[in-house]
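Secondary and tertiary structure notes
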Amino acid sequence: MTLNPLDDRVVIQALDAEETTAGGIVLPDSAQEKPQRGKVIAVGPGRLLESGERSAVSVVVGDEVLFGKYGGTDIEVDGSEIKILREGDILAKIVG
Amino acid sequence: MTLNPLDDRVVIQALDAEETTAGGIVLPDSAQEKPQRGKVIAVGPGRLLESGERSAVSVVVGDEVLFGKYGGTDIEVDGSEIKILREGDILAKIVG
Amino acid sequence: MTLNPLDDRVVIQALDAEETTAGGIVLPDSAQEKPQRGKVIAVGPGRLLESGERSAVSVVVGDEVLFGKYGGTDIEVDGSEIKILREGDILAKIVG
Amino acid sequence: MTLNPLDDRVVIQALDAEETTAGGIVLPDSAQEKPQRGKVIAVGPGRLLESGERSAVSVVVGDEVLFGKYGGTDIEVDGSEIKILREGDILAKIVG
Amino acid sequence: MTLNPLDDRVVIQALDAEETTAGGIVLPDSAQEKPQRGKVIAVGPGRLLESGERSAVSVVVGDEVLFGKYGGTDIEVDGSEIKILREGDILAKIVG
Amino acid sequence: MTLNPLDDRVVIQALDAEETTAGGIVLPDSAQEKPQRGKVIAVGPGRLLESGERSAVSVVVGDEVLFGKYGGTDIEVDGSEIKILREGDILAKIVG
Amino acid sequence: MTLNPLDDRVVIQALDAEETTAGGIVLPDSAQEKPQRGKVIAVGPGRLLESGERSAVSVVVGDEVLFGKYGGTDIEVDGSEIKILREGDILAKIVG
């Protein structure tokens, strides 16, 4: 069973933001709006342009991303914490 | 007797958000703006673009969807609780 | 004597929102912003697009509609309570 | 001596809003933002579109109109109370 | 020595708003945001449109205008009180 | 060493706003948001239009300008007080 | 391991804003929103235009820039303090 997000929304499985990752990113605990890491598990069709077309979302399923903690909507699916947020709430893809 | 929503509005029959569904989605009770499940029962013609055309709504009658609890307008029709909301208030379609 | 609304405004004769209608719609009394029923009695030329054209309003004279209670402007004409509101304040057409 | 309003502004000579008119419109005294009646005495060239053209104002000199009491700017010309407001503050033309 | 206003700004030499003018305009003293009279002494190239062109300002040097008292920026040049404001803050041209 | 401002930003070397200039402009000391004089020392490529092009900034290096005191960002370069602000914060060019 | 910012975001390695630089820029300590210096280490694909195209970001990897201290999101990667912000939060490139 899966979620198909609408518009430019993305479904993300949150990863533990507290630990220092192998790649060396530390997310400071004290920050007011500290970013979180997560893995993309579903992607919407993209934002609707005035032309009536949609612009493809810039991440794909499987991407690891950084996003703001307080954006989007939290939900629990099959025991996992997931988040539905808009593409604009994703700061960056983590690669390598 | 039916409702024909205007613009990009959608009419949704709310489902019970408290119970764990067969598919495994748990909607946490404590969330400030917890999402709700519902079934689409009517769909408007879509948002008006500057070109004068309308962009088709991304859900169809019969779709099961997740939406924000506090968006839209509540109404009771023939004994059922229904909600009229805009396409932008729908987070995702639930499939499978 | 009649009113010709400007832009995408619509003139509506309000119907009693308290009673259960024949068609079965109950408008809950406790809702903060409960919708009201009404009959369209005049329709403006539509919203002006950047192209200089106007997009036709989605309701016509005689339509029965649901609309938000607190939108628009109330006025009394020939003893009837009427309301002038914008097309965007109309939630749905009631049919059948 | 006359005023030539700019943009989509309209100059209106206010009529007495308290009395029941011959045509039967009663403007309720208790309304928070009660509409007023007035006669159009000057009309601007219209709102500027992104194309650089202007869209003609929907009322002409001589039209009787309904408008919101608190919109626009009050001024006294040759002993008459007049109001300069934007086309969007006019609710409807009164005809017949 | 002169000022060349940018964009759709206009430089105006304020006239005394208190006196009843020959033409009969009385600017009521009690109004919260009473309009002022002034003479246009410089005009900018106009507002930039998305096309990259500019739309000519609707007043020319020498026009007498009505404008809101609290809009724009006050400055003193060669002993005269002048005001730099945007075209949108001008209500009307006074003619005749 | 120089600064290349981005977008429609302009780098300005502030001039003393208190003194009466040779040209006769007096900037009143009591004004809440009194304008300041300055000399343009660097100009950005201009605001990005939806077409993807940029519209050239309306001032060039060497122009003397009036601008709002509280707009933009103050910085000190090589002992001089400079300001980085957007073209829209410039009121007028001073000529002659 | 690197970060690929989305949209018109830029990843910047902050430089010490307190010291007087060789080039002579002093960033005043008392300013409410004092700008900071930094080096661009990653650049997103650019802002999405309504045409569906993206406009290239105006800085490239290696550029030294001035930006507002409170914009964007702070993060620590491999022991370095970095910042992810939007192109619009960058004031100027520092050259020479």
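Residues numbered from 1 in each chain as written. Chains lettered and ligands numbered in written order. Predicted model: local features only at pLDDT ≥ 70, side-chain atom pairs only at ≥ 80, totals over all residues. Heavy atoms only, no water.

The test is simple: UniProt positions are given in the numbering used here, feature names are shortened, and annotations may be inferred rather than shown by experiment.
Per an unreviewed UniProt entry, the recorded name for chain A is Co-chaperonin GroES, and the organism is Thalassoglobus polymorphus. The UniProt entry for chain A carries the following text under Subcellular location (unreviewed entry): "Cytoplasm". Word for word, the UniProt comment on chain A under Subunit (unreviewed entry) is "Heptamer of 7 subunits arranged in a ring. Interacts with the chaperonin GroEL."

Examining the overall build of chain A
Rule in force here: The numbering of helices and of strands both runs from the N terminus, where a helix is a DSSP run of H or I of at least 4 residues and a strand a run of E of at least 2. Three labels apply to residues, based on accessible area from a 1.4 Å probe with only protein chains included: buried if under 20% of the type maximum, exposed if over 50%, partly exposed otherwise in between. Residue exposure ignores everything except the shown protein chains as possible cover, and the areas themselves are Shrake-Rupley values with a 1.4 Å probe.
Of regular secondary structure, chain A possesses zero helices and ten strands. Listed by position from the N terminus, the elements making up chain A come as β-β-β-β-β-β-β-β-β-β. Scored against the burial criterion, the 96 residues of chain A give a buried share of 47%. Total accessible area on chain A stands at roughly 4300 Å², and carbon and sulfur atoms take up 46% of it.

Quick notes on the relation of the copies chain F and chain E
To keep things clear, this is the line we draw: C-alpha atoms of residues with pLDDT of at least 70 in both copies form the basis for the least-squares superposition of the copies. Residues count as neighbours in contact if any of their non-hydrogen atoms are within 4.5 Å of one another.
Superposing chain F onto chain E takes a rotation of 52° combined with a translation of 0.0 Å along the rotation axis, leaving an RMSD of 0.0 Å. Counting the interface residues of chain F, we find that no more than 8% of their copies in chain E are interface residues as well, pointing to two distinct contact surfaces.

Considerations on the side chain of Asp8(D)
Residues and elements named next belong to chain D. As a reminder of what qualifies: What qualifies as a polar contact is a pair of N or O atoms within 3.5 Å, subject to a donor-acceptor requirement within protein and to the restriction that residues adjacent in sequence count only when both atoms come from side chains.
Examined against the element boundaries, Asp8 turns out to sit in the loop between β1 (2-5) and β2 (9-14). In terms of polar contacts, Asp8 uses its side chain to reach the side chain of Arg86, at 2.8 Å. Excluding residues within four positions of it along the chain, Asp8 makes contact with Gly46, Arg47, Val57, Leu85, Arg86 and Glu87.

A short note on the relation of the copies chain A and chain B
Of the transformation placing chain A onto chain B, the axial shift is 0.1 Å and the rotation is 51°, giving an RMSD of 0.0 Å. The two copies present different faces, since only 10% of the interface residues in chain A are matched by interface residues at the equivalent positions in chain B.

Some points on the interface of chain F and chain E
Threshold: Take the accessible area each of two parts loses on contact, using a 1.4 Å probe, and add the two losses: that sum is the buried area. Salt bridge, as used here, is a side-chain nitrogen of Lys or Arg placed within 4 Å of a carboxyl oxygen of Asp or Glu. Any residue outside Ala, Val, Leu, Ile, Met, Phe, Trp, Tyr, Cys, Pro, Asp, Glu, Lys and Arg is labelled polar, Gly included; the first ten of those are nonpolar and the last four are charged. Any two strands with at least two DSSP bridges between them are considered paired.
Listed by partner, the interface residues are 24 residues for chain F and 20 residues for chain E. Interface area for chain F against chain E, summed over the two sides, is near 1900 Å², with a carbon-plus-sulfur share of 60%. Our count for the contact surface shared by chain F and chain E stands at one salt bridge. Between Arg47(F) and Glu50(E) there is a salt bridge; the shortest N-O distance is 3.7 Å. Joining chain F to chain E, the criterion identifies seven residue pairs in polar contact (both at pLDDT 80 or more). Going through the elements one at a time, β3 (25-26) and β10 (90-95) of chain F are the ones with two or more residues in the side of chain F that touches chain E. Within the side of chain F that touches chain E, the residues separate by chemical class into 13 nonpolar, six polar and five charged. Of the pairings in the sheet, the one linking strand β1 (residues 2-5) of chain E to β10(F) comprises four bridges and is antiparallel in character. The residue bridging Thr2(E) from the neighbouring strand is Val95(F), located in β10(F).

Focus on the environment of Arg47(D)
All names here are of chain D. Residue placement: Arg47 occurs in strand β5 (residues 47-48). Since its relative accessible area comes to 29%, Arg47 is described here as partly exposed. Considering only alpha carbons, one finds Arg47 and Arg9, 38 residues apart in sequence, at a separation of 8.5 Å.

A short note on the interface of chain A and chain B
Tallying the contact residues gives 21 residues for chain A and 24 residues for chain B. In total, chain A and chain B occlude about 1900 Å² of area from one another, counting both sides; carbon and sulfur atoms represent 60% of this. Viewed at the interface, chain B and chain A are joined by one salt bridge. At the junction of chain A and chain B, the tally comes to seven residue pairs in polar contact (both at pLDDT 80 or more). At the level of secondary structure, the elements contributing two or more residues to the side of chain A that touches chain B comprise β1 (2-5), β8 (73-77) and β9 (80-86) of chain A. It is β8(A) that contributes the most residues to the side of chain A that touches chain B, five residues altogether. Split by residue class, the side of chain A that touches chain B holds nine nonpolar, five polar and seven charged.

Some points on the pairing of strand β4 (residues 35-43) of chain D
Direction of pairing for β2(D) relative to β4(D): antiparallel, over a ladder of five bridges. Looking at β4(D), one finds that Gln13(D) is bridged to Lys39(D).

Observations regarding unusual backbone geometry
Not every positive phi belongs to a glycine, and Asp7(F) is a case in point at roughly 55°. Mapped onto the elements, Asp7(F) comes out in the loop between β1 (2-5) and β2 (9-14).

Considering the pairing of β2(D)
Bridge analysis of β2(D) against strand β9 (residues 80-86) of chain D gives five bridges, and the strand direction is antiparallel. If you follow Val11(D) over to β9(D), its bridge partner there is Ile84(D).

Describing the pattern of salt bridges
Within this structure, the stated rule accounts for 48 salt bridges over all chains. We note a salt bridge from Arg86(D) to Asp7(D), for which the minimum N-O separation is 2.8 Å. Of the two residues, Arg86(D) is situated in strand β9 and Asp7(D) in the loop between β1 and β2; the sequence distance between them amounts to 79 residues. We classify Arg86(D) as partly exposed; its relative accessible area is 30%. Connected through shared salt-bridge partners, Asp7(A), Asp8(A), Arg54(A) and Arg86(A) make up one network.

Looking at the environment of Val40(A)
Tracing the backbone shows Val40(A) in strand β4 (residues 35-43). Ignoring sequence-local partners within four residues, the contact set of Val40(A) consists of Val10(A), Val11(A), Ile12(A), Val59(A), Val60(A), Val61(A), Gly62(A), Asp63(A) and Val65(A).

Considering the side chain of Ser55(C)
Summarising the element assignment, Ser55(C) is placed in strand β6 (residues 54-55). With residues up to four places along the chain from it excluded, the contact list for Ser55(C) reads Leu48(B), Pro45(C), Gly46(C), Arg47(C) and Leu49(C).

Let's talk about the environment of Lys39(C)
Residues and elements named next belong to chain C. Position of Lys39 relative to the elements: it lies in strand β4 (residues 35-43). Along the sequence, Lys39 and Val11 sit 28 residues apart, while their C-alpha atoms lie 8.5 Å from each other. Leave out the neighbours within four places in its chain, and Lys39 touches Val11, Ile12, Gln13, Leu15, Gly62, Asp63 and Glu64.

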